[in-house]
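# What the coordinates show
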Amino acid sequence: MTAQQVRTVDGRIAGKRGQATRARLLECLGEMLVSQPYRSITVIDVARLAGTSPATFYQYFPDIESAIIEIANDMAKDGAHLKELADGRTWSGRAGMQAAEALVDGFLEFWTEHEAILRVVDLATAEGDKRFHKIRMKILNNVTISLADTISELQAAGKADAVMPPTATAGALVAMLASISAHQRVFEAWSIKLAELRAAMIGLVYMGITQKKPVAA
């Protein structure tokens, strides 16, 4: 497979040096997002940290938000593994608890690793920016569909009560996972230990999918 070509704003194909410069600009922007609000970051700041000029930044990105979207799209590709954690799992008994545990840990780790960019995505989505909303949906929709299919299959096989609507239930579970993962520090401020929070999330996921009480993993 041929590697995807990197183009400048005016459509030219960037060479190896240009690609390295672009990657460095994104890396520096990512570092700055960890420590300050994205609206306070300027092109001059990013270019200075990258050891280049604002003019060079504008060769690759029309503005800061466009560069942030590039970082967010890369993050969303990494988020594809969350769907893999939901696919093809056995949800009965201890195996089901282990499946719930893997999914919960996947969400917690993903949000911790990408906390800074996910914070920007959530904020921009809440403000109605459709570009960031699309990225957020890319991360969460596939997981929701996979869990909805699992619930439907369990209900059809008589292994779960057909009381809970599959898609709505899956959507609620995924929203819970994403929201709690994004606000781990809030729970710490409430003196709720992460281990206890994690255990509660695992139990809720298991119950939501199987409509059965949690069992010892």
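Just so you know, these numbers come straight off a predicted model, no measurement behind them.

Conventions adopted
- Residues numbered from 1 in each chain as written.
- Predicted model: local features only at pLDDT ≥ 70, side-chain atom pairs only at ≥ 80, totals over all residues.
- Heavy atoms only, no water.
- Phe/Tyr/Trp six-rings, centres within 6.5 Å; stacked < 30°, edge-to-face > 60°.
- Buried < 20%, exposed > 50% of the residue type's maximum accessible area, 1.4 Å probe, protein only.
- Helix = DSSP H or I, 4+ residues; strand = E, 2+ residues; numbered from the N terminus.
- Axes fitted to C-alpha atoms, helices over the stretch in contact; angles between N-to-C directions.
- Parallel < 35°, antiparallel > 145°, perpendicular 65-115°, else oblique.
- Left-handed = near helix turned anticlockwise from the far one by under 90°.
- Contact = heavy atoms within 4.5 Å.
- Nonpolar A, V, L, I, M, F, W, Y, C, P; charged D, E, K, R; others polar.
- UniProt positions renumbered as here; feature names shortened; annotations may be inferred.

On to the packing of aromatic side chains. With the rule as written, the count across this model stands at five aromatic pairs. On the numbers, 5.3 Å between centres and 50° between planes, the contact of Phe 57 with Phe 61 is tilted. Across this residue pair, the class does not change: Phe 57 and Phe 61 are buried. Relative to Trp 111, the ring of Phe 107 lies with its centre 5.7 Å away and its plane at 10°, an arrangement referred to as stacked. Residue Phe 107 and its partner Trp 111 are located together in helix H6 (residues 93–113), separated by four residues, close to a single helical turn. Trp 111 shares its class with Phe 107; the two are buried.

The next thing to look at is the packing of helix H7 (residues 115–126) against helix H8 (residues 130–156). Helix-helix packing: each pair is described by the crossing angle between the helix axes and the interaxial distance. Interhelical geometry of H7 versus H8 gives an angle of 120° and a closest axis separation of 8 Å. One element, H7, and the other, H8, form an angle in the oblique class. The crossing of H7 and H8 is left-handed. When H7 is examined against H8, the residues Leu 118, Val 120, Val 121, Asp 122, Ala 124 and Thr 125 are found in contact with a partner set consisting of Phe 132, His 133, Arg 136 and Ile 139. Looking at the contact of H7 with H8 residue by residue, the classes come out as six nonpolar, two polar and two charged.

With that settled, the discussion passes to the UniProt feature "DNA-binding region" (unreviewed entry) in the chain. The feature "DNA-binding region" (unreviewed entry), as annotated in UniProt, sits at residues 42–61 in this numbering. From the first C-alpha to the last, residues 42–61 spans 13 Å; its make-up is 75% helix and 0% strand.

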